[in-house]
Amino acid sequence: MSKRKVAITGMGILSPVGIGLEQNWQNIIAGNSGISTITEFDTTGMPSNMAGVIRDFDPANWLDGKSIRKMDRFIQLGMAAGLEALKDSGLEITEDNAHRVGVHVGSGVGGLGTIEKQTTTLFDRGPRRVSPFYIPSSIINMISGNLSIAVGAKGPNLAMVTACATATHAIGDAGRLIEYGDADVMLAGGAEAPITPTAMAGFGNAKTLSTRNDDPQGASRPWDAGRDGFVMGEGAAVLILEEMEHAKARGARIYAELAGFGLSGDAYHMTSPSEGGEGAARCMQNAIRNAGMTMQDIGYVNAHGTSTSLGDVAETNAVKRAFGDHAASLPVSSTKSMTGHLLGAAGAIEAVYTTLAVHHGQLPPTINLEEPDPDCDLDYVSDGTREATIDAALSNSFGFGGTNGTLVMKRCA
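Before going into details, it helps to say that this report is about the structure given with it. (Residues numbered from 1 in each chain as written. Predicted model: local features only at pLDDT ≥ 70, side-chain atom pairs only at ≥ 80, totals over all residues. Heavy atoms only, no water.)

With that settled, consider the packing of helix α9 (residues 278-290) against helix α10 (residues 309-323). One can describe the packing of α9 onto α10 by two numbers: an axis separation of 8 Å at closest approach and a directional angle of 45°. Taken together, α9 and α10 sit at an angle that is classed as oblique. The way α9 lies across α10 gives a crossing that is right-handed. In this structure, α9 uses E278, A280, A281, M284, Q285 and I288 to contact α10, whose residues at the interface are A318, V319, R321, A322 and F323. The residue inventory of the contact of α9 with α10, partitioned by class, reads 8 nonpolar, 1 polar and 2 charged. (Axes fitted to C-alpha atoms, helices over the stretch in contact; angles between N-to-C directions. Helix = DSSP H or I, 4+ residues; strand = E, 2+ residues; numbered from the N terminus. Parallel < 35°, antiparallel > 145°, perpendicular 65-115°, else oblique. Left-handed = near helix turned anticlockwise from the far one by under 90°. Contact = heavy atoms within 4.5 Å. Nonpolar A, V, L, I, M, F, W, Y, C, P; charged D, E, K, R; others polar.)

Put into structure tokens, the structure is as follows:
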């Protein structure tokens, strides 16, 4: 059986730089940072006191009060992104097609805020005061569960958990369900709400977060010699993936084709990338091979680009290893320089930006790259948004445990 083509026909996004496609894209191409000092809780004693917070998110714009009370913030964000994506696609789910529409939305860490609150309640007030909604409001597959109920999607219903590669894997896996006939439409992506006291303390004590607390908007600086760690972010994005002929038959607007998906494992270290970026290079090569393309067909890479000392060098080396001579002329940028790192949601947020880059012919910049690390010597689009018509682009995500994922977005004529 030959695989069916997959179109991207709708997108919903909430990130530190905005709510909705328009606000997100305008801020990204303008190079505006969404990082600020945390005011939601006391950060005294924590190494890092800044993050990419969505300050104007009101779940009541998408959900009723009863539902809101039963959902951790990460589920609320995922629901909002999914509902926005479906609206953007113009797809109507009916009794006739519901069984061919599925949901695949994951999260890296799930309901940390709810877990913290209910654990405190247990020890302060006793077991009878723990909410009966504790588990369904915090477990990771409940974005997909709640979203499928809300929109009436009766096809595949699942969730992915692969650390910071979660959303990329969810989108790629959902695309394969369509390619091989298990569904005609999938709502796919990721959501994360990790800006909580235990998360900030845990990541901070692991020395992974930037401590440039006096300059929040300049703290996320991929490939810069002065980088000192990533900045935490929150948000969600969902893409509507649709079998190409199905999309064309209903006259859908097609942003791009999801043409390829690659995976690999480093088998090297729990948190550090493999030497020379070997695992990431294989992942990119696998994705391009799956797309039936050559290295020269790729005109842009939206990098994982977290702003960590080891990760940035490893990804640079991986691009060189995968693309050979083509790497020298290949634009590579990190939108995390503006959003921070959204952990399990990062791949979905960046899949949206990569799709829009292909669709609009605009390559997002890397901001805060003032003094490049000598070991990071690619074209990081550090001079502002670049106008460029490209045939295809990659979106990379790499996670703890040595798990890697790459998507290929192809321009539709």
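Once that is clear, we can look at the environment of K117. Looking at the element boundaries, K117 is found in helix α4 (residues 112-125). Given the relative accessible area of 58%, K117 is considered exposed. (Buried < 20%, exposed > 50% of the residue type's maximum accessible area, 1.4 Å probe, protein only.)

Another point: the environment of Y380. With respect to the secondary-structure elements, Y380 resides in the loop between β12 (362-363) and β13 (386-387). Sequence spacing of Y380 and L330 is 50 residues, and the spatial spacing of their C-alpha atoms is 8.8 Å. Sequence-distant contacts of Y380, that is, excluding residues within four places in its chain, are made with W223, T316, V332, S333, T366 and L369. A distance of 2.8 Å separates a polar atom in the side chain of Y380 from a polar atom in the side chain of T316. (Polar contact = N/O pair within 3.5 Å; in protein donor to acceptor, adjacent residues only side chain to side chain.)

What follows covers the pairing of strand β14 (residues 392-399). Here β14 lies mainly inside the structure; 8 of its 8 residues are buried. Burial along β14 is two-sided: A392, L394, N396 and F398 and A393, S395, S397 and G399, pointing in opposite directions, are all buried. Taken together, the 3 bridges between strand β10 (residues 300-302) and β14 define a ladder with parallel strand orientation. Across the sheet, V301 pairs through a bridge with L394, a residue of β14. (Pairing = 2+ DSSP bridges.)

What follows is about the nonpolar core. Counting 43 residues, the largest nonpolar core has I171, L241 and V352 as the members making the most contacts within it. Counting only elements with at least two residues in this core, the list comes to β1 (6-15), α1 (21-30), α6 (166-179), β7 (185-192), β8 (235-243), β9 (256-265), α12 (346-360) and β15 (403-410). Filtering out sequence-adjacent residues up to four positions away, L241 remains in contact with V6, A7, I8, I171, A174, G175, I178, D184, V185, M186, A188 and L258. Judged by nonpolar contacts, the second largest core, of 32 residues, contains M71, I75, L77 and V238. (Core = buried A, V, L, I, M, F, W, Y, C linked by side-chain atoms within 4.5 Å.)

Taken as a whole and assessed by the stated rule, the structure comprises 3 aromatic pairs. Consider the rings of F57 and W62, whose centres lie 5.7 Å apart with planes at 25°: the pair is stacked. Centroid distance W223 to Y380: 4.1 Å. Interplanar angle 15°. Geometry classified as stacked. Of this pair, W223 sits in the loop between α7 (197-205) and β8 while Y380 sits in the loop between β12 and β13; the two residues are 157 residues apart in sequence, bridging distant segments of the chain. With respect to class, W223 is no different from Y380; both count as buried. (Phe/Tyr/Trp six-rings, centres within 6.5 Å; stacked < 30°, edge-to-face > 60°.)

What follows covers the environment of I75. Of note, I75 is situated in helix α3 (residues 73-89). Since its relative accessible area comes to 0%, I75 is described here as buried. Sequence separation of I75 and N302 is 227 residues, and the distance between their C-alpha atoms is 26 Å. If near-sequence neighbours (up to four positions away) are discounted, I75 is found in contact with P136, S137, S138, I139, M142, I143 and N146.

Next up on the list: the pattern of salt bridges. Within this structure, the stated rule accounts for 17 salt bridges. With a shortest N-O distance of 3.0 Å, D373 and R227 are connected by a salt bridge. Of this pair, D373 sits in the loop between β12 and β13 while R227 is found in the loop between α7 and β8, placing the two residues 146 residues apart along the sequence. Taken together, the salt bridges that share partners define one network made up of R4, R100 and D184. (Salt bridge = Lys/Arg side-chain N within 4 Å of Asp/Glu carboxyl O.)

Relative to the assigned elements, T43 resides in the loop between β3 (36-37) and β4 (50-51). With sequence-adjacent residues up to four places away left out, T43 is seen in contact with I38 and N49.

What follows concerns unusual backbone geometry. Even without being a glycine, K207 presents a positive backbone phi close to 65°. Among the structural elements, K207 can be located in the loop between α7 and β8. Positive phi, close to 70°, is recorded for N368, a residue that is not glycine.

What follows deals with empty space enclosed by the protein. What the rule picks out here adds up to 1 cavity of 30 Å³ or more. Of the volumes computed, that of the largest cavity is approximately 30 Å³. In this structure, the largest cavity is lined by G172, G175, R176, E179, L258, A259, G260, F261 and N290. The set of elements that each furnish at least two residues to the lining of the largest cavity consists of α6 and β9. Broken down by class, the residue content of the lining of the largest cavity amounts to 3 nonpolar, 4 polar and 2 charged. (1 Å grid on protein atoms, 1.4 Å probe; cavity = no way out; pocket = protein on both sides within 12 Å on 5 of 7 lines; lining within 4 Å. Points joined across faces, edges and corners; volume = space filled by probe spheres on them.)

All we've got here are geometric facts, nothing functional implied.
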